[in-house]
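# Descriptive analysis of the structure
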Amino acid sequence: MSFLKLEGLSAQVGALPILRDVSLQVEVGEVRALVGESGAGKSMIGKAILGTLPEAIRITGGSIHLDGENLLAMAARERRHLIGAKAALIPQDPLTALNPARRVGPQITNRLVDILGWRRKQAQARVIELLDEVHIPAPERVMRAYPHELSGGMRQRILIASAFAAQPRLIVADEPTTALDVTVQKQILRLIRDMQQRHGTALLFVTHDLGVVSKLCQSMTVLYGGKVLEDTTVDEFFQSPAHVYSAALLAATPKYTDPDGSLMSVPEAVTRSVEAEIAAHDHRRPG
Amino acid sequence: MTLIRTFLKRLVSMLITLIGVAVIVFFVIRIVPGNPIAMMLPPGAGEEDIARLKALYGFDKTLPEQFLIWGKGILAGDFGTSITTRQPVMSLVLGRLPATLELSIMALVMAVALGGALALAGTRQRGGKTEAVIDVTNGISLSVPDFLWGLLFILLFGVLWPVFHISGRVSPALDLPFVTNFYLFESLLRLRFDIWLDLVSHMFMPALALAIPLAAIIAQLLKQSLKETMHLDYVTLARTKGYSETHVILREALPNAILPTLTLVGVQFTFLIGGTVIIERLFSYEGLGNMAIDAVINRDLPLIQGIVILFAVIFTSVNLLVDLTYALLNPRLRHG
């Protein structure tokens, strides 16, 4: 049974389509990658699921089912509560995702106390346990610290602990390692994988890094221009990408075995053919 | 630790500022035309009378000598004697200070409440009609100076529809049992709500006239920084946790967005205190500002000096207070 199900989701800024008829599913406990170049709409899908789309973006069609309930048909208050209780976000930039004016501890426990109605003591004990789980030394002291007193890697660990705190069934990770330096990236990826496996949480991993996808994910959705081009398993994608764009994207990934090889981008001929395909598809389906 | 050192440093610079103000006001009011002795002389007074009066008030000495005498007096807590009333400047000025402080603080509270409410409402309803209405109201409030608001209020609520008192600080018929001059404060402490209401009814219009331009500035700046803060990642993250828009604005965005506004309010509050001079005159409110105008008209040099020094003390203290509050609210500065 799929925990998250998007069907025919479309969104626009003014008349400009941002998402075109996007359908995808994330099963319980599944790790799915959402891959595409910048501007492909992968972050927008994450935002649409969590209800944080910018005000200028309007959802024009389709549905988002979270745990069997259609988010787009719910009242705002119920939707917020459902999302807060069942889903969580690991944000992109740990340096800006913690409130600089507040201590770290309450920022992790607040969801448990305010939204889920835990007792403060209970929430605190749970968070200390979690901070220990993400390998933060002296959790009690860290909880009293302000964000600016901690390193980027520490802050991302805190945000991961915070995402898992309420035992969500789905976590959206929006390029969670992009803002970190390379040595820390690996530790954080391993940590996310360990935590995901231990808690059995479904993970929607938004990234442009195919290397990360191959290590972390089971299935993947390839996006271009707000449209799903391919929906496949990671193994199949790396063995024989079905779409011409997927193949080009794969070919453009820098290889560690060939460090001197020139950096490639997706050839223009390919993007042009993809755009023609999308245009033809839009033409067939008026409205 | 750092906070204490910053505080001491600021105290020293405050002292230097005050000495500078003392020097400037002392010499400037003696250089500009106008002579206090001439104001006091009866018609037909001779050279001898003038010389005697000059000697009495020390105007026969050179300017630097006069300054030294005044400075020594201040160090001993004596600001000289008012020429017109023959009373010590210190007690005159301190007697009027509470009235002006109460008026300014009332105006500040009104400005913060009004401006804050408008900023929060505008942020909550951003992009809608409410925000457009708030923006237009702000523009109008900003472009009309405080004394014009004062005149308008006198006309509307004093003459056409007389609901407030337009003159004085308190109704003369009332018997005041107070030991301090902080009437508004003391009437509350003594539970004399009848007097309190009378005081508020006198103070309401001058305070509102002073508050409106500041409220508009607060509303504009706070709304701007709130709207910028609302796009930051930690606000988005709080939204995904299930918090309402109002909670997100108040708990996540406001503590960060308020910092630039706080600095501005500090600076603008000193302008507001400056504005009391004209507003007090307009409403015949018995405060420092009204006294300052009388002192200037009568060339009461010691009194002018005393009032200016007191205003300078208020200005620098407000600035110091703002910096300290800023450091307390912003954890990044507290440890820096």
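See the structure printed just above.
First things first, this report covers the structure right here in the doc. Quick caveat: nothing in here was measured; it's all calculated off a predicted structure. (Residues numbered from 1 in each chain as written. Chains lettered and ligands numbered in written order. Predicted model: local features only at pLDDT ≥ 70, side-chain atom pairs only at ≥ 80, totals over all residues.)

## Regarding the overall build of chain A
Helix and strand counts for chain A come out as 11 helices and 10 strands. For chain A, with 287 residues in total, the buried portion stands at 42%. (Helix = DSSP H or I, 4+ residues; strand = E, 2+ residues; numbered from the N terminus. Buried ≥ 20, exposed ≤ 12 C-beta atoms within 10 Å, placed from the backbone.)

## Side note on the overall build of chain B
Looking only at helices and strands, one finds 14 helices and 0 strands in chain B. When the helices and strands of chain B are read in sequence order from the N terminus, they spell out α-α-α-α-α-α-α-α-α-α-α-α-α-α. Oriented by its inertia axes, the alpha-carbon framework of chain B measures out at about 85 × 55 × 40 Å. Partitioning the contacts of chain B with sequence separation of at least 6, the portion at a separation of at least 24 is 73%. (Contact = placed C-beta atoms within 7 Å.)

## A short note on the nonpolar core
Core analysis: the biggest nonpolar cluster contains 150 residues, and Ala-161, Val-172 and Phe-205 of chain A together with Ile-218 and Ile-307 of chain B have the highest contact counts within it. Top element by residues in this core is helix 9 (residues 193–229) of chain B. It accounts for 19 residues. For Ile-307 of chain B, the residues in contact, after removing those within four places along its chain, are Val-93, Leu-288, Met-291, Ala-292 and Ala-295 of chain B. (Core = buried A, V, L, I, M, F, W, Y, C linked by C-beta atoms within 7 Å.)

## Regarding the pairing of strand 2 (residues 16–27) of chain A
Residue and element names in this part refer to chain A. Bridging between strand 1 (residues 2–13) and strand 2 involves 8 bridges; their strand directions are antiparallel. Bridge assignment links Lys-5 to a residue of strand 2, and that residue is Gln-25. The turn linking strand 1 back onto strand 2 is made up of 2 residues, and Gly-14 within it adopts a positive phi angle of 60°. (Pairing = 2+ DSSP bridges.)

## Some thoughts on the interface of chain B and chain A
Taken together, the contact pairs 16 residues of chain B with 23 residues of chain A. Elements that contribute at least two residues to the side of chain B that touches chain A include exactly helix 10 (233–240), helix 11 (245–282) and helix 14 (331–335) of chain B. Looking at side-chain class alone, the side of chain B that touches chain A contains 5 nonpolar, 6 polar and 5 charged residues. (Nonpolar A, V, L, I, M, F, W, Y, C, P; charged D, E, K, R; others polar.)

## Let's talk about the sheet that holds strand 4 (residues 57–66) of chain A
Backbone hydrogen bonds are what pair the strands of a sheet, in a parallel or an antiparallel way. All names here are of chain A. The 4 strands are arranged 2-1-4-5 in an open sheet whose pairing can be described as antiparallel. In the strand order of this sheet, the two ends are held by strand 2 and strand 5 (69–70), each with one partner. The pairing of strand 4 with strand 5 spans 2 bridges and is antiparallel. Looking across to strand 5, one finds that Leu-66 is bridged to Glu-69.

## Considerations on the packing of helix 6 (residues 152–164) of chain A against helix 7 (residues 182–199) of chain A
Residues and elements named next belong to chain A. With their axes 11 Å apart at the nearest point, helix 6 and helix 7 run at an angle of 15° to one another. When the interaxial angle is binned, helix 6 and helix 7 end up roughly parallel. Our pair here, helix 6 against helix 7, has a crossing hand that is right-handed. For the pair helix 6 and helix 7, contact is made by Gly-152, Gly-153, Gln-156, Arg-157, Ile-160 and Phe-164 and by Val-184, Ile-188, Leu-191, Ile-192, Met-195 and His-199, respectively. For the contact of helix 6 with helix 7, the per-class residue count stands at 7 nonpolar, 4 polar and 1 charged. (Axes fitted to C-alpha atoms, helices over the stretch in contact; angles between N-to-C directions. Parallel < 35°, antiparallel > 145°, perpendicular 65-115°, else oblique. Left-handed = near helix turned anticlockwise from the far one by under 90°.)

## Remarks on the environment of Trp-149 of chain B
Residues and elements named next belong to chain B. Residue position: Trp-149 is located in helix 7 (residues 146–160). On the neighbour-count criterion, Trp-149 (21 C-beta atoms within 10 Å) is buried. Once the C-alpha coordinates of Trp-149 and Met-205 are considered, the two residues, 56 residues apart in sequence, prove to be 8.9 Å apart. Residues within four places of Trp-149 in sequence aside, it is in contact with Val-144, Ala-209 and Ile-212.

## A short note on helix 1 (residues 42–50) of chain A
Residues lying three or four places apart along an α-helix face the same way, a consequence of the helix completing one turn every 3.6 residues. All names here are of chain A. The element helix 1 is extensively covered by neighbouring structure, given that 8 of its 9 residues are classed as buried. By the burial criterion, the buried members of helix 1 are Lys-42, Met-44, Ile-45, Gly-46, Lys-47, Ala-48, Ile-49 and Leu-50. Once helix 1 ends, the next one or two residues include Gly-51, with phi positive near 75°.

## Brief notes about the sheet that holds strand 6 (residues 87–90) of chain A
All names here are of chain A. One open sheet accounts for 6 strands, arranged 6-7-8-3-9-10; its pairing is mixed. Both edges of this open sheet fall to strand 6 and strand 10 (227–233), since each of them pairs with a single strand only. Neighbouring strand axes in the sheet, compared pairwise and without regard to direction, differ in orientation by 20° on average. Alignment of strand 3 (residues 31–35) against strand 9 (residues 219–224), held across 4 bridges, turns out to be parallel. Paired with Leu-34 across the strands is Thr-221, a residue of strand 9. Strands strand 6 and strand 7 (170–174) of the sheet are contacted by helix 6, whose axis makes an angle of about 175° with strand 6.

## With respect to unusual backbone geometry
Residue and element names in this part refer to chain A. For His-135, which is not a glycine, the phi torsion comes out positive at approximately 60°. A count of 12 C-beta atoms within 10 Å places His-135 in the exposed class. Unusually for a residue other than glycine, Gln-167 sits at a positive phi of about 50°. Position of Gln-167 relative to the elements: it lies in the loop between helix 6 and strand 7.

## Topic: helix 6 (residues 129–143) of chain B
Residue and element names in this part refer to chain B. Here helix 6 spans 22 Å end to end across 15 residues, near enough to the 21 Å set by a 1.5 Å rise per residue. Taken as a whole, helix 6 has its buried residues at Ile-134, Asn-138 and Ser-141. All buried residues of helix 6 lie within an arc of 70° about the axis, which places them on one face of the element. More than 90 degrees from the buried face of helix 6, the exposed residues found are Lys-129, Ala-132, Val-136, Gly-139, Ile-140 and Ser-143. Those residues of helix 6 that are buried are in contact with helix 5 (89–124) and helix 9. (Expected span 1.5 Å × (residues − 1). Arc of directions from axis to C-beta.)

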